[in-house]
Amino acid sequence: PNWDGEQPSSLRVHSSRLEASAPSLTRQIQSGEKDWEKYEVARKLKACVEGIRSQYSQDLKSKQMGTRQRAVALYFIDKLALRAGNEKEEGETADTVGCCSLRVEHITVHDRLDGSDFVVEFDFLGKDSIRYYNKVPVEKK
């Protein structure tokens, strides 16, 4: 029961059992299917992740700027668990970002910080407007 003693609209109590309404059950099934699809993708990715890591490590040394940028993005996604991110739809108000939509104001590069050389400091709002703040020592390239 809700705080006022009423049953939530998607749940009904029948004698000794609790039943979900059709729309509620449909949402749960759809959500479960999407989760299952994500886990299947992750399971497939596990088989090739070492190859991806090897490739982006080589790509960090590329003469092509675009190749190096992609390698850095993959490194951030892999090692810092950043979400990939994408461009916002017109009219979306929250200024949330991911790895591929970071802007200059979200990153500060330090020659030395907190006793470590070459530190990248991240500060931005991620998914659901949750602040991501991290200081990461990196190799100088």
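The shown structure was predicted, so the numbers you read here are calculated from the model rather than taken from an experiment.

1. So, the overall build of the protein
Right, so step 1: The helix and strand inventory of the protein stands at 3 helices and 5 strands.
Right, so step 2: N-terminal to C-terminal, the α/β element order of the protein is β-β-α-α-α-β-β-β.
Right, so step 3: Counting every position in the protein, which comprises 141 residues, the buried fraction comes to 19%.
Right, so step 4: If you take every contact in the protein between residues at least 6 apart in sequence, the share linking residues at least 24 apart comes to 17%.
Right, so step 5: Accessible area of the protein: about 11200 Å², with a carbon and sulfur share of 53%.

2. Some thoughts on the nonpolar core
Right, so step 1: Core analysis: the largest hydrophobic core is formed by 12 residues, namely A73, F76, L80, L82, V97, C99, L102, V120, F122, F124, Y132 and V136.
Right, so step 2: For this core, the elements supplying multiple residues, two or more each, are α3 (65–80), β4 (116–125) and β5 (131–137).
Right, so step 3: In this structure, L80 is in contact with Y75, F122, Y132, N134 and V136, ignoring residues within four places of it in sequence.

3. What to know about the confidence of the model for the protein
Right, so step 1: With 76% of its residues at a pLDDT of 70 or more, the protein shows a mean pLDDT of 83.
Right, so step 2: Summarising per-element confidence for the protein, the mean pLDDT is lowest in strand β1 (residues 11–14) (54) and highest in helix α2 (residues 49–59) (96).

4. What to know about a nonpolar patch on the surface
Right, so step 1: Residues L45, I52 and L74 make up a contiguous nonpolar surface patch of about 210 Å² in total accessible area.
Right, so step 2: Structurally, L74 is set in helix α3.
Right, so step 3: A relative accessible area of 33% means that L74 is categorised as partly exposed.

Analysis parameters
- Residues numbered from 1 in each chain as written.
- Predicted model: local features only at pLDDT ≥ 70, side-chain atom pairs only at ≥ 80, totals over all residues.
- Heavy atoms only, no water.
- Helix = DSSP H or I, 4+ residues; strand = E, 2+ residues; numbered from the N terminus.
- Buried < 20%, exposed > 50% of the residue type's maximum accessible area, 1.4 Å probe, protein only.
- Contact = heavy atoms within 4.5 Å.
- Areas by Shrake-Rupley, 256 points an atom, 1.4 Å probe, with all protein chains shown as cover.
- Core = buried A, V, L, I, M, F, W, Y, C linked by side-chain atoms within 4.5 Å.
- pLDDT = per-residue confidence, 0-100.
- Patch = residues over 30% accessible without salt bridge, like charges linked within 9 Å, V, L, I, M, F, W, Y side chains within 5 Å.
- Salt bridge = Lys/Arg side-chain N within 4 Å of Asp/Glu carboxyl O.

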